[in-house]
Amino acid sequence: MKFIVSRITKDNLNPEDPPCIDALFDPLKECWIKDVPDLKELMRFFSRYGELVIKKNEKTQLPEIVIYDDWEDIIKKLKR
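A brief look at the structure comes next. (Residues numbered from 1 in each chain as written. Predicted model: local features only at pLDDT ≥ 70, side-chain atom pairs only at ≥ 80, totals over all residues. Heavy atoms only, no water.)

Points about the pattern of salt bridges
Evaluated as defined, the whole model comprises 4 salt bridges. Put simply, K29 and D26 hold a salt bridge, and the shortest N to O gap is 3.9 Å. What makes K29 partly exposed here is its relative accessible area of 33%. With relative accessibility at 18%, the residue D26 sits in the buried group. Among the ionic pairs, E30 bridges to K59, the shortest N-O distance being 3.7 Å. Of this pair, E30 sits in the loop between β2 (24–26) and β3 (31–35) while K59 sits in the loop between β4 (52–56) and β5 (63–68), placing them 29 residues apart in sequence. (Salt bridge = Lys/Arg side-chain N within 4 Å of Asp/Glu carboxyl O. Buried < 20%, exposed > 50% of the residue type's maximum accessible area, 1.4 Å probe, protein only. Helix = DSSP H or I, 4+ residues; strand = E, 2+ residues; numbered from the N terminus.)

The structure is reproduced here in structure tokens:
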């Protein structure tokens, strides 16, 4: 299964930095792609990166994993 992977952090939006281990940049789609061979590997990925959300990427129509490094800050902002 191929996923687009993006990372949301407070201070770093550098597209040159991969959002996770083994992500490859796709210059045609202009996003990071992670190939996850099976459900077991996907569960390992979830446990390694903590707070994340899976959604459909509107541009590519592929599933996208969004990793939130600053989850507590995001929740505080949502509660305001």
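Here the narrative resumes.
Thoughts on the sheet that holds β2
The strand order across the open sheet formed by 5 strands is β2-β3-β1-β5-β4, and the pairing between neighbours is mixed. Of all the strands in the sheet, the pair left with one neighbour each is β2 and β4. Across this sheet, the average inter-strand angle for adjacent strands is 40°, counted without regard to direction. When β2 meets β3, the two strands line up antiparallel, connected through 3 bridges. Paired with L24 across the strands is I33, a residue of β3. Its contacts with the sheet place helix α1 (residues 39–49) against β1 (2–8), β3, β4 and β5, and it is angled at close to 25° to β5. (Pairing = 2+ DSSP bridges. Axes fitted to C-alpha atoms, helices over the stretch in contact; angles between N-to-C directions. Contact = heavy atoms within 4.5 Å.)

Considering the pairing of β5
Most of β5 is tucked away: 5 of the 6 residues are buried. Across 5 bridges, the pairing between β1 and β5 is parallel. When the bridges of β5 are listed, R7 appears paired with I67. With antiparallel pairing between neighbouring strands as the criterion, β4 and β5 make up a hairpin whose turn holds 6 residues, including Q61 at a positive phi of roughly 65°.

Focus: unusual backbone geometry
Look at D22: it is not a glycine, yet its phi comes out positive at around 70°. Its place among the elements puts D22 in the loop between β1 and β2. Taking the relative accessible area as the measure of exposure, D22 reaches 59% and is therefore exposed. Backbone geometry places Q61, a non-glycine residue, at a positive phi of 65°. Checked against the element boundaries, Q61 lands in the loop between β4 and β5.

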